[in-house]
Amino acid sequence: MATTSISLTPPEQLFRKCLLDCRDRMSDLQGMKELQLRWTGGWEYMKDHGSQYENEANQQGFKAEIKNLHKIEANPEKSKHLETITTRMFGMDVDFVNLRKEVYDEKSRNPQMEFGTPEEDAMRRDACVNALFYNLDTQQVEDFTGRGLRDMSARMIRTPLAPYQTFRDDPLRVLRLIRFAARLGYTIHEDSLKAMADSSIHDALRLKISRERVGVEIGKIMTGPDPVGGLMQIHQLGLYKTVFTDPDDTAVQIDDATFANAIQTLQKVLKQCSSVCSILRPEADVTVAWTLATYVPYMNDEEAAVAAAKAAIKATNLISKILGEAIRYRRQLQSLTRKVSSDQATRAEVGVALKECGKSWRSHVLYSLLCDATEEGFQAAVDRYTKFVDFVRTEQLEGAAELKPIINGNDIKNALEISKAGSWLKQALDVVTEWQFAHPRGTAEEAKEMIKLKKDQLQAG
């Protein structure tokens, strides 16, 4: 077994001390003195001693962030074979699980989990570089697969056992390897890539794995250091339909090339279009931005897009709402950018449209840009949308969605000497809003005079 040494960060050092202290205080229990710790141990200990480590963390200048334990139940039917205890300490997400091995019964596709040796545990993991242990006693990194340290040096991701069987046992490992490679800037071994592209593995990923687990992996890819690398790897392996469409909708027809184009377009926007980004702010919520790019292939079907995002990657209600609205407003925004580009749009027209879009108007415009770029080419779309965001900036319309009416419904009724509200009042408020955008320095009295002149028109409406 190969070993090497590493330096621990202060939070990691305190975590190590915490676990060793726990073992020492429980040394009277059978087998505890012989227990080798590899980032594992009992945890009732923290109920009585947690404050000690919180104080030590504060003294060293970082937060303890000790949170309650949460149990994640095993779910063999979804390839979740282990019960896991998870928590957060010293700024680190921590999972507790026994060293284990998998024993397969010919009568069942689901393995029985048994206590195992470090070697057995390492060999059943998803990647050699993810099977390195840190021994808390020897303070050495242990490479029981014999390839982890080598692969790390070569910047390579590979499975400890045969790739096809590894992915059949837990198809989520396909996405995990993609995430590791994107996060670390590593290359996936050709044997693993071949198995990851296998249609039977894709079917197993679609049918066996809970969509919550899929969504977690996709979320980590989107918020990682190289979302483009991860998402393009999904495209190159032919996994778009498997990962991003409703697993129950087997008849869906999707153009994978549109997905790849949208991902590359967003990458170019982020790197090359500072003027656009300064207004649309895609970096403010990268999960929203990359999700919008992912569902550009659904640009003409709001209902299907929202259903797919919710079913496939368990998109949050907020992201699903933004996606649905982006598709709904897309043609309107497309038309508006063309009018601005040809100097035919007014401040009022743009302001009203952005107010209708609401607080998520930036995401809606970004989605429209990504869609147009796939249809008409990157440069033509970017030139048009750059002029549009410059118009928004120049006309100070970034806060259009939060514009409050300069006069309210009662003001309007009083100005028109009408006691009862009716359908006309909504129209009147819309007229006031449009007038406000056209007259940014207008006063309430001027707005009332304007609405008086439209009394007959409003009542007729």
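See the structure above.
Computed from a predicted structure; not experimentally measured.

A.B. asks: An account of the packing of helix α18 (residues 361–376) against helix α19 (residues 378–394) is requested, with residue identities and associated values reported.
C.D. replies: It is the contact of α18 with α19, at a shortest axis distance of 7 Å, that shows an interaxial angle of 155°. On the basis of their axis angle, the class for α18 and α19 is roughly antiparallel. Remark: the crossing between α18 and α19 carries right-handed chirality. Taking contact as the criterion, the partners of Trp361, Val365, Ser368, Leu369, Asp372, Ala373 and Glu376 in α18 are, on α19, Phe378, Ala380, Ala381, Val382, Arg384, Tyr385, Phe388 and Val392. In terms of residue class, the contact of α18 with α19 is made up of 11 nonpolar, 1 polar and 3 charged.

A.B. asks: Help me get a handle on the sheet that holds strand β7 (residues 132–135), residues and values and all.
C.D. replies: Hydrogen bonding along the main chain pairs the strands of a sheet, whether they run parallel or antiparallel. Here 3 strands make up an open sheet; going across it, the order is β1-β8-β7 and the pairing antiparallel. Strands with a single pairing partner mark the edges of an open sheet, and in this sheet they are β1 (2–4) and β7. Going from strand to strand, the sheet's axes swing by 30° on average, the running direction of each strand aside. Pairing geometry for β1 and strand β8 (residues 140–143), over 3 bridges, is antiparallel. Residue pairing for β8: Thr3 is matched across the bridge by Glu142.

A.B. asks: So what about the layout of surface pockets? Which residues, and what values?
C.D. replies: Reported here for the second largest pocket is a volume of approximately 280 Å³. Along the walls of the second largest pocket sit 15 residues, with Ala284, Asp285, Val288, Arg362 and Ser363 positioned nearest its centre. Put simply, the parts of the chain that give the lining of the second largest pocket at least two residues each are α14 (286–294), α16 (317–341) and α18. In terms of residue class, the lining of the second largest pocket is built from 9 nonpolar, 2 polar and 4 charged.

A.B. asks: Give a description of helix α20 (residues 409–416) that names residues and reports values.
C.D. replies: Three or four residues apart is the spacing at which side chains of an α-helix point the same way, because the helix has 3.6 residues per turn. Along α20, the residues classified as buried are Gly409, Ile412, Lys413, Ala415 and Leu416. End-on view of α20: buried residues confined to an arc of 165°, all on one side of the axis. Backbone geometry just after α20 places Glu417 at a positive phi near 55°.

A.B. asks: How would you explain the packing of aromatic side chains if you had to name every residue and give the values?
C.D. replies: Taken as a whole and judged by the stated rule, the model has 6 aromatic pairs. On the numbers, 4.6 Å between centres and 45° between planes, the contact of Tyr240 with Phe259 is tilted. Taken together, the residues Tyr240 in helix α11 (residues 240–244) and Phe259 in helix α12 (residues 256–272) connect sequence positions 19 residues apart. Judged by its relative accessible area of 0%, Tyr240 is buried. Linked through ring pairs, Tyr240, Phe244, Phe259, Tyr295 and Tyr298 together constitute an aromatic cluster. Directly above the aromatic system of Phe378 lies the positively charged group of Lys268, at a separation of 5.0 Å from the ring centroid. Its guanidinium or amino end placed over the ring of Tyr329, Arg328 lies 6.0 Å from that ring's centre, counting from NZ or CZ.

A.B. asks: I'd like a rundown of the environment of Phe391, residues and numbers included.
C.D. replies: Note on placement: Phe391 falls in helix α19. Considered as a pair, Phe391 and Val350 are 41 residues apart in the sequence and their alpha carbons are 9.0 Å apart. Excluding anything up to four places from it in sequence, Phe391 contacts Val340, Ala345, Thr346, Arg347, Val350 and Leu397.

A.B. asks: Help me get a handle on the packing of α20 against helix α22 (residues 444–453), residues and values and all.
C.D. replies: Orientation of α20 relative to α22, taken along the N-to-C sense of each, is 55°, at an axis distance of 9 Å. What the angle tells us is that α20 and α22 run oblique. Crossing of α20 against α22: the hand is right-handed. The residues of α22 that touch α20, namely those facing Asp411, Ile412, Ala415 and Leu416, are Lys448, Ile451 and Lys452. Residue composition of the contact of α20 with α22, by class: 4 nonpolar, no polar and 3 charged.

Parameters and conventions
Residues numbered from 1 in each chain as written. Predicted model: local features only at pLDDT ≥ 70, side-chain atom pairs only at ≥ 80, totals over all residues. Heavy atoms only, no water. Axes fitted to C-alpha atoms, helices over the stretch in contact; angles between N-to-C directions. Helix = DSSP H or I, 4+ residues; strand = E, 2+ residues; numbered from the N terminus. Parallel < 35°, antiparallel > 145°, perpendicular 65-115°, else oblique. Left-handed = near helix turned anticlockwise from the far one by under 90°. Contact = heavy atoms within 4.5 Å. Nonpolar A, V, L, I, M, F, W, Y, C, P; charged D, E, K, R; others polar. Pairing = 2+ DSSP bridges. 1 Å grid on protein atoms, 1.4 Å probe; cavity = no way out; pocket = protein on both sides within 12 Å on 5 of 7 lines; lining within 4 Å. Points joined across faces, edges and corners; volume = space filled by probe spheres on them. Buried < 20%, exposed > 50% of the residue type's maximum accessible area, 1.4 Å probe, protein only. Arc of directions from axis to C-beta. Phe/Tyr/Trp six-rings, centres within 6.5 Å; stacked < 30°, edge-to-face > 60°. Lys NZ or Arg CZ within 6 Å of the ring centre and 35° of its normal.

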